[in-house]
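Remarks on the overall topology
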Amino acid sequence: MATIQNFKEIMAWQKAEELTLAVYKEFKDSRDFPFRDQIQRASVSIMNNIAEGFERKGNKEFIRFLFIAKGSCAEVRSMLSLAQKLTYLLEDRALELDSCCTEITKMLSVFIKKLDN
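Note that the structure is a prediction, hence the values are computed from the model and not measured. (Residues numbered from 1 in each chain as written. Predicted model: local features only at pLDDT ≥ 70, side-chain atom pairs only at ≥ 80, totals over all residues. Heavy atoms only, no water.)

**Examining the pattern of salt bridges**
Quick note on the threshold: Definition used for salt bridges: Asp or Glu carboxyl oxygen within 4 Å of a side-chain nitrogen of Lys or Arg. Partly exposed residues are those whose accessible area sits between 20% and 50% of the maximum for their type, while under 20% is buried and over 50% is exposed, using a 1.4 Å probe and protein chains only. Note on conventions: DSSP H or I runs of at least 4 residues are helices, E runs of at least 2 residues are strands, and numbering of each starts at the N terminus.
Scanning all chains against the criterion turns up nine salt bridges. Salt-bridge contacts for Glu-61 lead to Arg-56; the nearest nitrogen and oxygen are separated by 3.1 Å. Owing to a relative accessible area of 40%, Arg-56 belongs among the partly exposed residues under this scheme. The salt bridge involving Glu-96 is made with Arg-93; its shortest N-O contact spans 2.7 Å. Here Arg-93 and Glu-96 lie together in helix 4 (residues 91-116), a separation of three residues that amounts to about one turn. What you see here is one network of salt bridges that share partners, running through Glu-52, Arg-56, Glu-61 and Arg-64.

**A look at helix 1 (residues 11-27)**
For an α-helix, 3.6 residues make a turn, and residues three or four places apart therefore share a direction. The line we're drawing: The length a helix should cover is 1.5 Å for every residue beyond the first. Contact between two residues is taken to exist if any of their heavy atoms lie within 4.5 Å; hydrogens are not considered.
Its 17 residues place the ends of helix 1 24 Å apart at the C-alpha level, agreeing with the 24 Å of an ideal helix rising 1.5 Å per residue. Those residues of helix 1 lying buried are Ala-12, Trp-13, Lys-15, Ala-16, Leu-19, Thr-20, Ala-22, Val-23 and Phe-27. Of the surrounding elements, those touching the buried residues of helix 1 are helix 2 (33-56), helix 3 (59-85) and helix 4.

**A look at the packing of helix 1 against helix 4**
Defined as follows: Comment: axis = line fitted to C-alpha atoms, over the contacting stretch for helices; angle = value between 0 and 180 degrees taken between N-to-C directions. Oblique is the label for any angle not under 35 degrees, not over 145, and not in the 65 to 115 range, which are roughly parallel, roughly antiparallel and roughly perpendicular in turn. Two helices cross in a left-handed way if the nearer one is turned anticlockwise from the farther one by less than a right angle. They cross in a right-handed way if the turn is clockwise. The residue classification treats Ala, Val, Leu, Ile, Met, Phe, Trp, Tyr, Cys and Pro as nonpolar and Asp, Glu, Lys and Arg as charged. All others, Gly included, are polar.
Running from amino to carboxyl end, helix 1 crosses helix 4 at an angle of 160°, the nearest separation of the two axes being 9 Å. Judged by the angle between their axes, helix 1 and helix 4 are roughly antiparallel. Like other packed secondary-structure pairs, helix 1 and helix 4 cross with a definite hand, here left-handed. Seen from helix 1, the contacting residues are Met-11, Ala-12, Lys-15, Ala-16, Leu-19, Ala-22 and Glu-26; seen from helix 4, they are Arg-93, Leu-97, Cys-100, Cys-101, Glu-103, Ile-104, Met-107 and Leu-108. Partitioning the contact of helix 1 with helix 4 into residue classes produces 11 nonpolar, no polar and four charged.

**Digging into helix 4**
When the terminal C-alpha atoms of helix 4 are compared, their 37 Å separation across 26 residues agrees well with the 38 Å that a helix rising 1.5 Å per residue should span. When helix 4 is considered as a whole, its buried residues turn out to be Ala-94, Leu-97, Asp-98, Cys-100, Cys-101, Ile-104, Leu-108, Phe-111, Ile-112 and Leu-115. Elements that come into contact with the buried residues of helix 4 comprise helix 1, helix 2 and helix 3.

**Examining the side chain of Arg-36**
We apply this condition: As used in this structure description, the phrase polar contact means that two N or O atoms lie within 3.5 Å; if the pair is within protein, one of them must be able to donate a hydrogen and the other to accept it, and residues adjacent in sequence are counted only when both atoms belong to side chains.
Tracing the backbone shows Arg-36 in helix 2. Judged by its relative accessible area of 17%, Arg-36 is buried. Within the structure, the side chain of Arg-36 is placed 3.4 Å from the side chain of Asp-37, a separation counted as a polar contact.

**Observations concerning the packing of helix 1 against helix 2**
Geometry of a packed helix pair, given as the angle between the helix axes and the separation of the axes. For the pair helix 1 and helix 2, interaxial distance at closest approach is 9 Å and the crossing angle is 165°. Taken together, the axes of helix 1 and helix 2 are roughly antiparallel relative to one another. Viewed along their axes, helix 1 and helix 2 form a crossing whose handedness is left-handed. On helix 2, the residues that touch Ala-12, Trp-13, Ala-16, Glu-17, Leu-19, Thr-20, Val-23, Tyr-24 and Phe-27 of helix 1 are Phe-35, Arg-36, Ile-39, Gln-40, Ser-43, Val-44, Ile-46, Met-47, Ile-50 and Ala-51.

Next comes the structure, spelled out in structure tokens:
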């Protein structure tokens, strides 16, 4: 198995970047600035915590940051649910983005397990 040389090679980071770009696109015109800023910050937090943890170079530290990324994923999912109820997003789009978050969470869980062994 090849060793990851750069955090950008991590599939969960790549998926988190896609999510972040989608969140920015969906909420770029939102006039609810606190909501928009919070969901954007939470999505960015996913990818940034993966990157920061990777650069720490120790598995224990990396795992800690991956758990923080998982928490940020949950925050985005929570906010997507609220966005749907506030009619900021159509149900189908909210479910698409929620599914992306779930996929990232699963990827992070698998990664954490591999690092912990």
